Amino acid sequence: MDVYVLARVIHVLAVVHWIGGVAMVTLVILPQMQALPAADRIATFERLEGRFGGQAKLSTLAAGLSGLWMLWLTDGWGLFLEPAYWWLHLMVAVWAIFTLVLFVLEPLVLHRWFHARATRDPEGTFALVLRLHRVLLALSALAVAGAVQGAHGGLW
């Protein structure tokens, strides 16, 4: 196996774990939490999010490093100037959003904000969190679809 194939394998596995986890949270866990009493939601969400948060950090780190590695191996920087490679921009943007949230905003701001807002307005807070997750999942799915078609020669 050459190093590019290894980089791609790492990249795909990291993205599958990361975005698959986002899909699970968005499509299963958050909607199911609406059935819990408001007092139980905060603790349950924080417990579940805490277990996946560490894994998501590793996955986004592996996705970012392996993506950078593939760009470096192929000297693919110029692809960012080609409109047909729009999905590269979207992949980097989605990765940057998640990385910013996971490594900076969540530990410094979002954890306290979520807890305070969910205590005050659990229904509104969980509705907002679900909406934000849906937007991020939709952007992620579009990035994955664009990357798959682009990696297989089908440029839009």
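Keep in mind that this is a model prediction, so the values were computed, not measured.

The next subject is the pattern of salt bridges. All chains considered together, the criterion is met by 1 salt bridge. Residues E123 and R41 are paired through a salt bridge, measuring 3.0 Å at the closest nitrogen-oxygen approach. Of this pair, E123 sits in helix α4 (residues 122-151) while R41 is found in helix α2 (residues 38-74), placing the two residues 82 residues apart along the sequence.

Counting 11 residues, the largest nonpolar core is built from A14, V15, W18, I19, V22, A63, L90, V94, F98, L137 and A143. Of all elements in the fold, only α1 (3-33), α3 (86-120) and α4 reach the threshold of two or more residues within this core. Per element, the largest residue contribution to this core is 5 residues, and it comes from α1. Ignoring anything within four residues of it in the chain, the contact list for A14 reads S59, A62 and A63. Grouped together as the second largest cluster of nonpolar side chains are 10 residues, V25, F45, V129 and L130 included.

About the criteria used
- Residues numbered from 1 in each chain as written.
- Predicted model: local features only at pLDDT ≥ 70, side-chain atom pairs only at ≥ 80, totals over all residues.
- Heavy atoms only, no water.
- Salt bridge = Lys/Arg side-chain N within 4 Å of Asp/Glu carboxyl O.
- Helix = DSSP H or I, 4+ residues; strand = E, 2+ residues; numbered from the N terminus.
- Core = buried A, V, L, I, M, F, W, Y, C linked by side-chain atoms within 4.5 Å.
- Buried < 20%, exposed > 50% of the residue type's maximum accessible area, 1.4 Å probe, protein only.
- Contact = heavy atoms within 4.5 Å.

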